[in-house]
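Report on the structure
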Amino acid sequence: MSSAPSASRDARAGESDPPVDAWWSRDAGDLMRSLGASAGGLPQAEAERRLRVHGANTVEDVPGLTAVRLLIRQVANPLVLILVFGALVSMLVRSWVDASIVVAIVVGSAALGFLQEYRASAAVAELRQRLALTVRVLRDGALRSAPASAIVPGDVVELSAGNLVPADGIVIRARDFLVTEASLTGEPFPVEKQPGTVPADSPVGARTNCVHLGTSVRSGTATVLVVETGRRTLFGEVAASLRARAPETEFERGIRRFGNLLVRVMLVMVAFVLVVNQALDRPVIESLLFATALAVGLSPELLPAIVSVTLSHGARAMAQRGVIVRRLQAIENLGSIDTLCTDKTGTLTQGVIQLDAATDAQGRPSEAVRRMAWLNAAFETGIENPLDAALIAAGDAAGLSVAGERKIDEIPYDFIRKRLTIAIEETAGAGTHLMITKGAFDNVLAACTRVAADAGGAADAEDEALDAAARERLEAWYRARGSEGFRVLAVATRRVPASPRHSREDEQSMTLAGFLLFLDPPKPGAAQAIADLQARGIRVRMITGDNRYVAAHVAGAIGLDASALMTGAEIAGLNDESLWYRAARADLFAEVDPQQKERIVRALQRTGHAVGYLGDGINDAPSLHVADVGISVEGAVDVARESADVVMLRPDLDVLRRGVEEGRRTFANTMKYINITTSANFGNMVSMALATPLLPFLPLAAKQILLNNFLSDIPSAAVSTDNVDPEHVERAQRWNVRDVRRFMVVFGLASSAFDLLAFAVLLLVFRAGQATFQTAWFVISLLTELAVVLVLRTARPALKSRPGRLLGISTVVVMIAALCIPYLGPAASVFGFVPMPPALLAASLAIVVGYVVFTEILKLWTQRRRARAAGSPR
C-alpha cells in the first residue's frame with residue numbers, strides 16, 4: 001500500500017490546493033506556503049470553503065440514515081417485494097381490488113416502520129451530537145474549539161496529552177510530545193515527535209516529525225499543521241482498503257439466528273401450502289398470494305423498526321438519567337453485564353484530591369519538599385492529572401512562586417518509569433542544573449542511592465546511604481501511610497552539569513528528598529451504590545495503578561473484599577490460563593499497568609463474564625475497547641471517551657446502576673415483541689396451513705391475512721414504553737434463541753389448538769360458509785393475538801402486572817376496531833367480510849376468553865416448571 005496520497009488525487013481537491021506528496025519530507029514553512037496557510041491559522045471563510053471542497057473530516061463510508069434511505073429500507077425486505085410482485089400479477093389478471101388492498105397494506109406497514117425509525121434515528125443523532133469530538137484550532141489568529149469533522153488541510157491545531165489526533169499533519173512546535181501509534185504501526189510504546197524533516201521513503205514508524213489520524217497523544221504538547229483529512233489520511237486509506245465491519249454483538253448475533261430460524265420455518269410452511277393448493281386445483285395466483293401472505297404473517301416485519309424504537313427510547317431514557325449512549329447496541333450489552341471493572345479515583349472516591357502533607361525522608365513536615373514538588377508540577381507540560389492539580393492549588397494557597405528558577409528540560413511521565421523529572425536552573429546554581437523527580441514510591445526509590453537527612457539542605461545535615469536497613473524503614477513508613485488511606489508519592493533530587501537537554505539516563509544516583517501525602521476519601525454513597533449493583537447481579541472489581549495499601553483501605557471502606565487482592569507483579573508472573581482462574585476470584589487489582597488492565601478484562605471474559613469497564617484516562621483506552629461495554633465519563637480524555645460505548649455525565653456508580661436498569665428494561669421489551677408476535681403468528685399460520693387441505697376454501701384470503709397482520713402490529717409500536725416487572729431488572733438477561741424457539745412453539749401450538757376448536761365450532765355448529773367462516777376467524781385470530789399481548793408481556797399473573805399506558809390503550813382500540821370491521825358495510829365487503837350473527841359473535845368471544853384463560857394457566861405452569869428446573873441440583 002502506498003503511504004503517500006497521489007498527486008492526481010490532491011489536484012482534484014481544488015485548484016488552490018496543490019499536491020503534497022511525501023509531505024513529511026518537506027520543510028514546515030514550505031509546506032505551509034503550499035497549503036496557503038499561516039502560523040495564525042486559516043481565515044474562517046477559507047476554512048469553510050475548503051470544507052466544502054474536501055468534505056467532512058471522517059473516514060466513515062456513509063453518513064447517518066437519511067429519510068430516503070430509511071424509506072428504501074422499509075420496502076427492500078424480500079417478503080415485501082414478493083408481495084408487490086404478487087400485486088402486480090393480480091393487476092395483470094385484472095384483479096384490481098385485491099391488488100389495491102395488498103399495495104395499500106404494504107404502504108401502510110412501510111409508513112408505520114418509517115415513522116418509528118425516523119424519529120428514533122433523529123433522537124439518537126441528537127444524543128450523539130452532545131459527544132462530538134472537538135479540537136482546538138487556530139482560526140483568524142485566535143484559538144477556538146471546532147468539531148473534528150470540520151478540520152481542513154491548512155488548519156493549525158493544538159494538541160496535548162489525552163487528545164486524539166484529528167488528521168494527518170506535520171509538527172511545527174513540540175514539547176515532550178509522545179504519541180501512541182499502535183493503531184497504525186502495532187508498536188505499543190509511544191513515540192516522541194519533534195519538528196524537522198525525514199526522508200521521503202521513511203516508513204510510518206520512522207516519521208518522527210508528523211502525526212496521523214487514529215493515533216493519540218500520550219504526553220506533552222504540540223502545534224500541528226494539518227495536511228490531510230478524512231479518507232485522504234493514512235488511516236482513511238487503511239480503513240478504505242479493509243472495509244472491516246464492527247464485531248457482531250451478542251444482541252445482533254441473536255437477531256441473526258432468530259431470522260435464520262424464521263426463514264427455515266417459512267420455507268417449509270410456504271412449500272407445504274403451495275403443494276396442497278395445487279393438488280386441490282386452486283387458482284395459481286390466489287395460492288401464491290396466500291402462501292406469501294402466510295410467510296409475511298409469520299415474520300415480525302416490524303422487528304427492525306421495533307428494535308430501533310425500543311433502543312432509541314432506552315437511549316433517551318438513559319440520557320435523562322445521566323448516561324449517553326454512543327452505540328445503540330451497547331444498551332442491551334450494558335443490561336447484560338455481570339462484572340464491572342472500575343478505577344477508584346472519582347468513581348469510588350470523591351475525586352477531589354488534596355495534598356495533606358509534604359514530609360522529608362524521616363516523615364517530618366517539610367516546606368522544602370513541598371516547594372520542590374510544586375516546582376515539578378508547575379513546570380510540567382505533559383499529562384494533566386489531579387495530583388499535580390492538588391500540588392498547584394496547595395502552592396498557590398501558600399504563595400509559592402517560580403521567581404528565580406528557569407525550566408531547562410522535562411523528562412515526561414510514562415507508565416513504565418512512573419515518574420516525571422524537571423530540570424531547572426537556579427539563580428545560585430551557575431554551571432549546574434537541579435533535577436527534581438516526582439513519582440511512584442518504588443520507581444523513585446529505584447533511581448536513588450542516598451537519603452537526604454534534611455531536604456532543605458542545612459549545612460550540618462549529612463545524607464545517608466540508601467542501604468537495606470534504610471529501605472526497610474522507608475517501606476514500613478510507606479505501608480503505614482497507605483494503610484491509613486494516603487496515596488504517597490516520593491520526591492528525589494540530583495545536581496547535574498548544565499546541559500540544554502537531559503534524558504532518562506540522568507535519573508540515577510539521586511537523593512531521596514521526601515514524600516507527598518494525598519488524600520481522596522471514599523464517596524459517601526459508594527458503598528450503597530456497590531451494594532445496589534451487587535443486588536442486581538453485578539460484581540464490582542477495582543482495578544487501579546495505586547499501591548496495594550491505599551487500594552485495600554478504599555476497598556474495605558466501600559464494601560469490597562480487600563483480601564481478594566492481586567498485584568501487578570503477581571499478574572506479570574502468571575500465564576493466561578492461571579490468570580483466568582485467579583482473576584475470577586479477585587475483587588481488587590492494584591499496582592497494575594495499562595496492558596495488565598486489558599489482560600484482566602480478557603481473563604474475566606474468558607471465564608464467561610460479561611464485563612463492563614469504567615475508565616477515563618489515557619491508559620484505560622485498550623481496556624475500554626476490549627470490554628463488552630466500555631464506559632467513560634463526559635470529562636474523560638478524548639481517547640478514552642471515543643473508545644467507550646456509553647458515557648456518563650458524571651462519575652457516579654448510582655448513575656451507572658440506573659443505566660444498567662434501563663438497558664435491562666430495553667432488552668426485556670424487545671424480547672416481549674419477538675416472543676409474543678412470533679408465537680401468535682406461528683400459531684395462526686400453523687392453523688391456516690392445517691386447515692388448507694381440510695377446507696373447500698382458503699381459511700383466510702391473502703388480503704385478510706395482511707390486514708390482520710397490519711392491525712396486530714399497531715400496538716407493537718408501543719412495546720418500547722411498556723412497564724417491566726422488577727425481576728427483569730434485578731438480573732441480567734441474555735439472548736437465547738432456544739428459549740425464543742421454545743416460547744414460539746409452546747404458545748403458538750396452544751393458539752393453534754384453540755384455532756382448531758374455532759374451526760370445529762364454525763363448521764359443525766354454525767355451518768358457516770366461506771365469507772362467514774373467514775369473517776369469524778379473522779375476528780377470533782386478531783382478538784386472541786391482541787389479548788395474548790397483555791397475558792404474555794409478563795411472567796407474573798396478568799392482573800398483577802400493569803401494562804404501559806400506551807400499550808394498553810392501543811390494544812383496546814384495535815380490539816374494538818376488530819369487532820367493528822365486519823359491520824362497516826361496503827368497506828367490509830372489499831375485504832370479503834360479512835356481518836356476524838349475535839350467536840356467532842358470542843361464541844367467538846367465548847373462544848377468545850377461553851384461550852386467554854388457558855394461556856394464562858399455561859404461562860404460570862411453564863414458569864413454575866422452569867423455576868423448579870433452575871433450582872434443582874445438577
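Model, not experiment: these values are computed from the prediction.

**What to know about the overall build of the protein**
The helix and strand tally for the protein stands at 31 helices and 23 strands. Counted over contacts in the protein with a minimum sequence separation of 6, partners at least 24 positions apart contribute 73%. With an accessible surface of roughly 36600 Å², the protein has 59% of that area assigned to carbon and sulfur atoms.

**Description of the pairing of strand β7 (residues 216–228)**
With respect to burial, β7 is a largely interior element, 12 of its 13 residues being buried. Pairing analysis gives 5 bridges linking strand β3 (residues 156–160) to β7, with the strands arranged antiparallel. By the bridge assignment, Ser160 is partnered in β7 with Thr221. Relative to β7, strand β4 (residues 168–180) is paired through 10 bridges, and the arrangement is antiparallel.

**Concerning the sheet that holds strand β18 (residues 539–543)**
One open sheet accounts for 8 strands, arranged β8-β23-β22-β21-β9-β18-β20-β19; its pairing is mixed. Each edge of the open sheet carries a strand with a single partner, namely β8 (323–325) and β19 (565–567). Shown here is a sheet whose adjacent strand axes are inclined to one another by a mean of 20°, direction ignored.

**Some words on the nonpolar core**
Formed by 58 residues in total, the largest nonpolar core has its most connected members in Met542, Phe589, Ile631 and Leu653. The greatest single-element share of this core, amounting to 5 residues, is contributed by helix α18 (residues 548–558). Counting 56 residues, the second largest nonpolar core, distinct from the first, contains Ile674, Phe697, Leu707 and Leu782.

**A closer look at the pattern of salt bridges**
In total, this model carries 37 salt bridges according to the counting rule given. With a shortest N-O distance of 2.7 Å, Arg50 and Glu46 are connected by a salt bridge. Taken together, the positions of Arg50 and Glu46, both in helix α3 (residues 44–54) and 4 residues apart, correspond to about one turn of that helix. A relative accessible area of 3% means that Arg50 is categorised as buried. Glu46 sits in the partly exposed class, given a relative accessible area of 21%. As a salt-bridge pair, Glu661 and Arg536 come within 2.5 Å of each other at their nearest N and O atoms. Taken together, the residues span a long stretch of sequence, with Glu661 in helix α24 (residues 653–691) and Arg536 in the loop between α17 (526–535) and β18 at a distance of 125 residues. Note on Glu661: relative accessible area 9%, which makes it buried. One network of salt bridges, with partners in common, ties together Arg536, Asp654, Arg657, Arg658, Glu661, Glu662 and Arg665.

**Comments concerning the side chain of Ser679**
Position of Ser679 among the secondary structure elements: in helix α24. Only 2.9 Å separates the side chain of Ser679 from the backbone oxygen of Asn675, close enough to count as a polar contact. If near-sequence neighbours (up to four positions away) are discounted, Ser679 is found in contact with Phe743, Met744, Phe747, Gly748 and Leu792.

**Thoughts on a nonpolar patch on the surface**
Taken together, the side chains of Val849, Val853 and Ile857 make up a nonpolar region of the molecular surface, amounting to roughly 270 Å² of accessible area. Along the chain, Val853 turns up in helix α31 (residues 838–871). We classify Val853 as partly exposed; its relative accessible area is 45%.

**Details of the environment of Lys859**
Within the secondary structure, Lys859 sits in helix α31. The buried category is assigned to Lys859, whose relative accessible area is 3%. Considered as a pair, Lys859 and Phe743 are 116 residues apart in the sequence and their alpha carbons are 9.8 Å apart. Once residues lying within four places of it in the same chain are set aside, the contact partners of Lys859 are Phe747, Val791, Leu792, Thr794, Ala795, Arg796, Pro797 and Ala798. For Lys859, the side chain forms a polar contact with the main-chain oxygen of Thr794, separated by 3.2 Å.

**Some words on the packing of aromatic side chains**
Enumeration over the complete set of coordinates arrives at 13 aromatic pairs. Pairing Trp23 with Trp24 gives two aromatic rings, centres 5.4 Å apart and planes at 70°, and the pair type is edge-to-face. Here Trp23 falls in the buried class, since its relative accessible area comes to 1%. Exposure remark for Trp24: the relative accessible area of 1% places this residue in the buried category. An angle of 65° between the planes, with centres 5.0 Å apart, marks the rings of Phe759 and Trp777 as edge-to-face. On the criterion of sequence distance, the pair formed by Phe759 in helix α27 (residues 737–765) and Trp777 in helix α28 (residues 770–792) is long-range, its members being 18 residues apart. According to the relative accessible area criterion, Phe759 is buried, its value standing at 6%. A relative accessible area of 0% means that Trp777 is categorised as buried. A connected cluster of aromatic rings, assembled from ring pairs, spans Phe441, Trp477, Tyr478, Phe515 and Tyr549. The ring centre of Trp24 lies 3.6 Å from the NZ or CZ of Arg207, which sits over that ring.

**A word on the confidence of the model for the protein**
For the protein, mean pLDDT is 81; residues scoring 70 or higher make up 80% of the total. Overall, residues 1–19 carries pLDDT values under 50, and its contacts beyond four positions in sequence, including any with other chains, amount to 37 contacts. Confidence drops under pLDDT 50 across residues 241–246; counting only partners more than four residues distant or on other chains, this segment forms 1 contact.

Calculation notes
- Residues numbered from 1 in each chain as written.
- Predicted model: local features only at pLDDT ≥ 70, side-chain atom pairs only at ≥ 80, totals over all residues.
- Heavy atoms only, no water.
- Helix = DSSP H or I, 4+ residues; strand = E, 2+ residues; numbered from the N terminus.
- Contact = heavy atoms within 4.5 Å.
- Areas by Shrake-Rupley, 256 points an atom, 1.4 Å probe, with all protein chains shown as cover.
- Buried < 20%, exposed > 50% of the residue type's maximum accessible area, 1.4 Å probe, protein only.
- Pairing = 2+ DSSP bridges.
- Axes fitted to C-alpha atoms, helices over the stretch in contact; angles between N-to-C directions.
- Core = buried A, V, L, I, M, F, W, Y, C linked by side-chain atoms within 4.5 Å.
- Salt bridge = Lys/Arg side-chain N within 4 Å of Asp/Glu carboxyl O.
- Polar contact = N/O pair within 3.5 Å; in protein donor to acceptor, adjacent residues only side chain to side chain.
- Patch = residues over 30% accessible without salt bridge, like charges linked within 9 Å, V, L, I, M, F, W, Y side chains within 5 Å.
- Phe/Tyr/Trp six-rings, centres within 6.5 Å; stacked < 30°, edge-to-face > 60°.
- Lys NZ or Arg CZ within 6 Å of the ring centre and 35° of its normal.
- pLDDT = per-residue confidence, 0-100.

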